[in-house]
Amino acid sequence: LFHKKNQGKGAALRHGFGAATGDLVVVQDADLEYDPRDFNRLIEPFLDGGDADVVYGSRYLKGNRYRVDGFYHEFGNKMLTAASNIFSDLSLTDMETCYKMFRREIIQGIKIEENRFGFEPEVTAKLAKKRCRIYEIPISYHPRTFEEGKKIGWKDAARAIYCIIKYNLIMK
């Protein structure tokens with residue numbers, strides 16, 4: 001699936017989720033900071049009668065390989081996760097993770113509005129409101145530097161705070 005013009009991560013995911021036909025749907029960024037071999041770990045809570053609706057891959061749970069990221073980037077992620085947890089009453093370690101695997105009917109039942117990185121706090125709030133059964137699994141992470149093309153920044157963090165408030169408190 002392609003967009004003629006880049007519309008952002010949320011827009012691309014919305015398009016892909018709408019076209020999905022399998023039982024499970026997973027988010028994978030093209031920059032390969034996240035290792036696709038971890039899909040096998042993400043799928044485990046769905047197998048053998050597992051009751052997972054959604055599985056988040058956490059960069060911060062023990063048991064994963066993790067290249068050290070910049071302090072402020074990791075600190076920002078953890079603060080946004082904490083804020084999200086406060087408003088959603090979840091206990092995630094990594095709300096901002098790319099790796100989210102969904103039962104297809106769950107993600108297709110959520111209207112995604114955000115076009116960029118606001119997708120992460122939006123979908124987390126909406127999953128919490130639906131009382132979805134969310135699991136976290138440790139994953140590998142190999143972060144890019146800004147010199148290598150990382151695009152997320154402080155404006156995205158500000159938008160995430162706005163989205164945490166909007167989708168947890170304002171939107172029903």
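Predicted model, so just to flag it, every value in this text is computed and none were measured. (Residues numbered from 1 in each chain as written. Predicted model: local features only at pLDDT ≥ 70, side-chain atom pairs only at ≥ 80, totals over all residues. Heavy atoms only, no water.)

A. Here's a closer look at unusual backbone geometry. For Asp89, which is not a glycine, the phi torsion comes out positive at approximately 60°. Residue position: Asp89 is located in the loop between α3 (71-88) and β3 (100-103). We classify Asp89 as exposed; its relative accessible area is 70%. For Arg131, which is not glycine, the phi dihedral falls at a positive 55°. Locating Arg131 in the fold gives a position in the loop between α5 (119-129) and β4 (134-138). (Helix = DSSP H or I, 4+ residues; strand = E, 2+ residues; numbered from the N terminus. Buried < 20%, exposed > 50% of the residue type's maximum accessible area, 1.4 Å probe, protein only.)

B. Inspection of α3 at higher detail. Helix length check: α3 (18 residues) gives 25 Å between terminal C-alpha atoms against 26 Å at 1.5 Å per residue, within 8%. All of the buried residues along α3 are His73, Glu74, Asn77, Leu80, Thr81, Ser84, Asn85 and Ser88. Buried residues of α3 fall within an arc of 140° about the axis and therefore sit on the same side. Turned more than 90 degrees away from the buried face of α3 sit Phe71, Tyr72 and Ile86, all of them exposed. Where α3 is buried, its residues meet α5 and α6 (154-170). (Expected span 1.5 Å × (residues − 1). Arc of directions from axis to C-beta. Contact = heavy atoms within 4.5 Å.)

C. Highlighting the pattern of salt bridges. Enumeration according to the criterion identifies eleven salt bridges in this entry. Note that Asp53 is salt-bridged to Arg133, the shortest N-O span being 2.9 Å. With Asp53 in the loop between α2 (39-43) and β2 (54-58) and Arg133 in the loop between α5 and β4, the pair connects residues that are 80 residues apart, well separated along the chain. Residue classification places Arg133 among the partly exposed residues on the basis of a relative accessible area of 41%. Notably, a salt bridge pairs Arg159 with Glu114, separated by 2.9 Å at the nearest N-O pair. One end of the pair, Arg159, is in helix α6; the other, Glu114, is in the loop between α4 (104-108) and α5, with 45 residues separating them in the sequence. When salt bridges with common partners are traced through the structure, they connect Lys9, Asp29, Lys100 and Glu120 into a single cluster. (Salt bridge = Lys/Arg side-chain N within 4 Å of Asp/Glu carboxyl O.)

D. Looking closely at the packing of α3 against α6. Orientation of α3 relative to α6, taken along the N-to-C sense of each, is 10°, at an axis distance of 9 Å. The angle between α3 and α6 places the two elements in the roughly parallel class. Contacts between α3 and α6 involve Leu80, Ala83, Ser84, Phe87 and Ser88 from the former and Ala157, Ala160, Ile161, Ile164, Ile165, Asn168 and Leu169 from the latter. Among the residues forming the contact of α3 with α6, the class breakdown is nine nonpolar, three polar and no charged. (Axes fitted to C-alpha atoms, helices over the stretch in contact; angles between N-to-C directions. Parallel < 35°, antiparallel > 145°, perpendicular 65-115°, else oblique. Nonpolar A, V, L, I, M, F, W, Y, C, P; charged D, E, K, R; others polar.)

E. Examining the pairing of β3 more closely. As paired strands, strand β1 (residues 24-26) and β3 are joined by three bridges and run antiparallel to one another. Bridge assignment links Leu24 to a residue of β3, and that residue is Arg103. With three bridges connecting them, β2 and β3 associate as antiparallel partners. Across the sheet, residue Val54 finds its bridge partner in β3, namely Phe102. (Pairing = 2+ DSSP bridges.)

F. Molecular detail of the packing of α5 against α6. Between α5 and α6, the least distance of the axes is 8 Å, while the angle of their chain directions is 20°. The angle between the axes of α5 and α6 places the two elements in the roughly parallel class. Judged by the twist between their axes, the crossing of α5 over α6 is right-handed. Residues Pro121, Glu122, Ala125, Lys126 and Lys129 of α5 lie in contact with α6, whose contacting residues are Ala160, Cys163, Ile164, Tyr167 and Asn168. Tallied by class, residues from the contact of α5 with α6 come to six nonpolar, one polar and three charged. (Left-handed = near helix turned anticlockwise from the far one by under 90°.)

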